[in-house]
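This is what each chain is made of:
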There are 4 protein chains.
Amino acid sequence: MATRQEQRSEETKNSILTAARQLFANRGYDTVTMREIAKEAGCSHTTIYIYFKDKETLLQQLSMPPLQALMERMDALSEQKTASEEKLEAVSLAFIEFCLANRSMYSLFVNVKAGRVDEQSPQLEINKIRNDIFAKLSRMVQASLLLAVTDEQLLMCTRIYFYTLHGIVATYEHSEETVEMLMDRLTPTFRQAISVLLSGFRETCKET
Amino acid sequence: MATRQEQRSEETKNSILTAARQLFANRGYDTVTMREIAKEAGCSHTTIYIYFKDKETLLQQLSMPPLQALMERMDALSEQKTASEEKLEAVSLAFIEFCLANRSMYSLFVNVKAGRVDEQSPQLEINKIRNDIFAKLSRMVQASLLLAVTDEQLLMCTRIYFYTLHGIVATYEHSEETVEMLMDRLTPTFRQAISVLLSGFRETCKET
Amino acid sequence: MATRQEQRSEETKNSILTAARQLFANRGYDTVTMREIAKEAGCSHTTIYIYFKDKETLLQQLSMPPLQALMERMDALSEQKTASEEKLEAVSLAFIEFCLANRSMYSLFVNVKAGRVDEQSPQLEINKIRNDIFAKLSRMVQASLLLAVTDEQLLMCTRIYFYTLHGIVATYEHSEETVEMLMDRLTPTFRQAISVLLSGFRETCKET
Amino acid sequence: MATRQEQRSEETKNSILTAARQLFANRGYDTVTMREIAKEAGCSHTTIYIYFKDKETLLQQLSMPPLQALMERMDALSEQKTASEEKLEAVSLAFIEFCLANRSMYSLFVNVKAGRVDEQSPQLEINKIRNDIFAKLSRMVQASLLLAVTDEQLLMCTRIYFYTLHGIVATYEHSEETVEMLMDRLTPTFRQAISVLLSGFRETCKET
DNA sequence: AATGAATGAGTGTTCATTCAT
DNA sequence: CATGAATGAACACTCATTCAT
């Protein structure tokens, strides 16, 4: 039973998260100050420390939900009843769009050192999601190839597929265009890239 | 005939450059402080200002020579008398190797805002090199396709080719493995990626 | 109803103002550092930035109120129902006393570059006050002359009158005597100076 | 017998003095850096320390000769065979011109604390010159009055005379006009001021 | 005599964070 | 729960000065 106080508290926390999300996305983690977040959230900067141990923690708490949302969206798309290649395309475009919409998160997502098992949970969590995404795409790539490949071949293809996805996002990571502008302008190119890779994979795997 | 003093001076300058290179590479331009560089270089932070006007200048002096070296190497490789595809492969691997060997430079190289024609020269210089590399690779991609393509098709192929190269480098940008380790381990994958792209390009361009 | 916290805050602000006033007065604006002011005020140097945007703002906030007080006092004195010459004397002595009581302000007041109409407001404000004072004294000098003079003559007389006032203040600007000591000791001299100037003006204007 | 080395040494010292004089005059003592002086003088900044203990010493060594030159000029002018009032005028204008031509020196000249007998010599020296000038002007004022006055009256007149001179200089101390421009534009006003003071003195002293 | 190399102290300013209320 | 007050550490950069040659 949430008292009125608890409700208000939750509201404050949310407004902080929302403000921080927006500012981090637009201006990058380092540039944004706690005071700016507080001003945007409509509270004192000291209040933030009631809810979050420090700036870094705030960032990490911020990054989990969207990543989970991405996972869910990718799952949903991959369960649709369409051809494998179409599904891969849809999921890939969703991934690209998400990454461009959350550019600051993206660098966090990508740069967290892999494997450091001894670290605290938030990094591990992110690591886990990253591996999940990799595995998911790997399966979809396989399904789209329409031919049998060895594990080794699949790993190689998935890696190459990832390189390109990562490269796409990295190319526009610091662009000043909005996600919408970028997606409008470049979706055909992205589609083409996927198509090129798949047909290249097929050719290459066939030969061996 | 360099006096002993001049020698020592040169050493100091080099140790600053080395320290800065390393720190920029590991921790990014913004995060590194002049005092850290000085400590790493074994001198006072004010000494840095004897050799470099300011932090930005230090960064730029650091980045130009290797980029020029890369250009020269790419030129040399592209003039060899081998098949187009082999040349493209050699040049691309050289590009990847260089970028991984100079990871800090890479993010500098990639992130400099494009086009700002009104800016001062150093950024322009980098911009110019970037465009040169793009043009060079574009030409080599065309030669490797072994079939006629429209300008539009070529632009799209080059873009996709770049995405993948960029993605490869970005993927290992923060890895703790040395360049040598990475190249040893992954050169086959990189070759494969190039081969996949080329055969994908050919398939895709043929169709239309 | 001021809370205890607000009270303390006000105290801090005042101690900063007091410290700054004193140090600026004794050692000049440029020479004084924010850290010195803080030490004198008994707080951290960063605390100053809570109350004042920057060093310049601190200086300006310091200077406006006393100048406005001076204006008001001069206005009040000039509206009294006494002989013109007595009023001029009273106003002039008030001006001298004020300037000696606020020596740091004085150099600020005097040194602000004239006329720069394109500058931000605070300098303009001071400029305006200075012009007001000049105009006010000019009118009173004219009234005290008891004879008709051309505009040109009046301008010259006012300038000379100002030179002497300015010279009086400048002479004792760096004296270690308090205002009270100086006024006690020198008021007769100052009166005499005014009287000398007026009779000199009359003689000189008569001739032409 | 000056060796060639001694000659060169003297030259260097002089070029430092010349450079410093110019820079101090144009930009003020605090703003000028040792490196700037060195560059202007055509030597290394370390060389300055061979000839002058530190920046302050340089300033003081710089200030004595012109002051002595002023003294000599004032003496020469006061020994001419013209009417007393003309001599006073000539000497006063020379004083004003000198002070405006050496503005940075002027503040040094004026601000040196009076009387501090325990201080080192350079300050005393300046003090002495200041007193000399005061005495000299005092005598000339007396001669120009053309009537007998008590010591007390003379002191008062001299003080007032000084206030005005000082005020004139202080008024234009921070002006951006050159000495020449100022003297061209304002010499009539200065003459008038002197004339006003003298006739005021006469009137006032007559009465008592 | 002269200099290039080097440095410590210091500049104004910002920021994440803590404390007292 | 929430906040204004306060702070120490840090930033890039400058300067007068000293040291070794």
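Note that the coordinates shown come from a computational prediction; the quantities given were computed from them, not determined experimentally.

Engineer: Got a minute to help me understand the relation of the copies chain A and chain B in this structure?
Structural biologist: Put simply, the second copy of the chain is the first one after a rotation about an axis and a shift along it. Structural alignment of chain A on chain B gives an RMSD of 1.6 Å, achieved by rotating through 174° and translating 0.5 Å along the axis. Viewed as a symmetry operation, the transformation between the two copies matches a two-fold axis. Residue A:G167 of chain A places its C-alpha closer to the rotation axis than any other residue of that unit, at 1.1 Å.

Engineer: Looking at this structure, how should I read the protein's contact with DNA strand F?
Structural biologist: Of all residues adjacent to DNA strand F, which total 38 residues, the nearest are A:T47, A:Y51, B:T33, C:T47 and C:Y51. A:T46 places a side-chain nitrogen or oxygen 3.5 Å from a base oxygen of DNA strand F. Contact distances for DNA strand F include 3.0 Å between a phosphate oxygen and a side-chain N or O atom of D:Y49. For the surface near DNA strand F, the elements supplying multiple residues, two or more each, are α3 (45-51) of chain A, α2 (34-41) and α3 (45-51) of chain B, α1 (4-27) and α3 (45-51) of chain C together with α2 (34-41) and α3 (45-51) of chain D. A per-class count over the surface near DNA strand F returns 12 nonpolar, 18 polar and eight charged.

Engineer: Sorry, what's going on with the side chain of D:S144 here?
Structural biologist: Relative to the elements of secondary structure, D:S144 occurs in helix α7 (residues 121-145). Setting aside chain neighbours within four positions, we find D:S144 in contact with D:S84, D:E85, D:L88, D:L198 and D:R202.

Engineer: I would appreciate a short explanation of the packing of aromatic side chains in the present structure.
Structural biologist: Two descriptors summarise a pair of aromatic rings, namely the distance from one centre to the other and the angle between the planes of the rings. Evaluation of the coordinates by the stated rule reveals 24 aromatic pairs over all chains. Taking 6.0 Å as the distance between ring centres and 70° as the angle between the ring planes, the aromatic pair formed by A:Y172 and B:Y163 counts as edge-to-face. Residue A:Y172 is located in helix α8 (residues 151-172), and its partner B:Y163 is located in helix α8 (residues 151-172); the two belong to separate chains. When sorted by exposure, A:Y172 lands in the same class as B:Y163, which is buried. Through a chain of ring-to-ring contacts, the aromatic side chains of A:F95, A:F134 and A:F162 assemble into a single cluster.

Engineer: In this structure, what is going on with the domain arrangement of chain A? I would like to understand it.
Structural biologist: Much of the literature gives interface size as the accessible area that the parts lose upon coming together. Split by domain assignment, chain A resolves into domain 1 (4-51) and domain 2 (61-207). A separation of 30 Å is found between the C-alpha centroids of domain 1 of chain A and domain 2 of chain A.

Engineer: Even after reading the chapter, I still don't get the packing of α1(C) against helix α2 (residues 34-41) of chain C, so can you show me in this structure?
Structural biologist: Packed helices, taken two at a time, are described by the angle between their axes plus the distance between the axes. Residues and elements named next belong to chain C. In the contact formed by α1 and α2, the axes pass within 8 Å of each other and the chain directions differ by 125°. When the interaxial angle is binned, α1 and α2 end up oblique. The handedness of the crossing between α1 and α2 is right-handed. Contacts between α1 and α2 involve S15, I16, A19, A20, Q22, L23, F24 and R27 from the first element and E36, I37, E40 and A41 from the second. Looking at side-chain class alone, the contact of α1 with α2 contains seven nonpolar, two polar and three charged residues.

Engineer: Explain the interface of chain A and chain B here, please?
Structural biologist: Residue-level contacts link 31 residues of chain A with 31 residues of chain B. Of the roughly 2700 Å² buried where chain A meets chain B, counting both sides, 64% is carbon and sulfur surface. Its largest share of buried area at the contact with chain B, chain A owes to A:M156, A:Y163 and A:V196, together 23% of the area lost on that side. Here chain A and chain B share zero salt bridges between them.

Engineer: What is the right way to look at the protein's contact with DNA strand E in this model?
Structural biologist: B:T47, B:Y51, C:T33, D:T47 and D:Y51 are the nearest of the 38 residues found near DNA strand E. Here DNA strand E approaches the protein such that, of its atoms within 4 Å, sugar and phosphate make up 54%. For DNA strand E, a base oxygen lies 3.4 Å from a polar atom in the side chain of A:R35. B:Y51 places a polar side-chain atom, nitrogen or oxygen, 2.4 Å from a phosphate oxygen of DNA strand E. Elements supplying a minimum of two residues to the surface near DNA strand E: α2 (34-41) and α3 of chain A, α1 (4-27) and α3 of chain B, α2 and α3 of chain C together with α3 of chain D. Of the residues contributing to the surface near DNA strand E, the split by class is 12 nonpolar, 18 polar and eight charged.

Reading guide: rules and limits
- Residues numbered from 1 in each chain as written.
- Chains lettered and ligands numbered in written order.
- Predicted model: local features only at pLDDT ≥ 70, side-chain atom pairs only at ≥ 80, totals over all residues.
- Heavy atoms only, no water.
- Least-squares fit on C-alpha atoms with pLDDT ≥ 70 in both.
- Near = heavy atom within 4 Å.
- Polar contact = N/O pair within 3.5 Å; in protein donor to acceptor, adjacent residues only side chain to side chain.
- Helix = DSSP H or I, 4+ residues; strand = E, 2+ residues; numbered from the N terminus.
- Nonpolar A, V, L, I, M, F, W, Y, C, P; charged D, E, K, R; others polar.
- Contact = heavy atoms within 4.5 Å.
- Phe/Tyr/Trp six-rings, centres within 6.5 Å; stacked < 30°, edge-to-face > 60°.
- Buried < 20%, exposed > 50% of the residue type's maximum accessible area, 1.4 Å probe, protein only.
- Domains from an automatic or database assignment.
- Axes fitted to C-alpha atoms, helices over the stretch in contact; angles between N-to-C directions.
- Parallel < 35°, antiparallel > 145°, perpendicular 65-115°, else oblique.
- Left-handed = near helix turned anticlockwise from the far one by under 90°.
- Buried area = accessible area lost by both parts, 1.4 Å probe.
- Salt bridge = Lys/Arg side-chain N within 4 Å of Asp/Glu carboxyl O.

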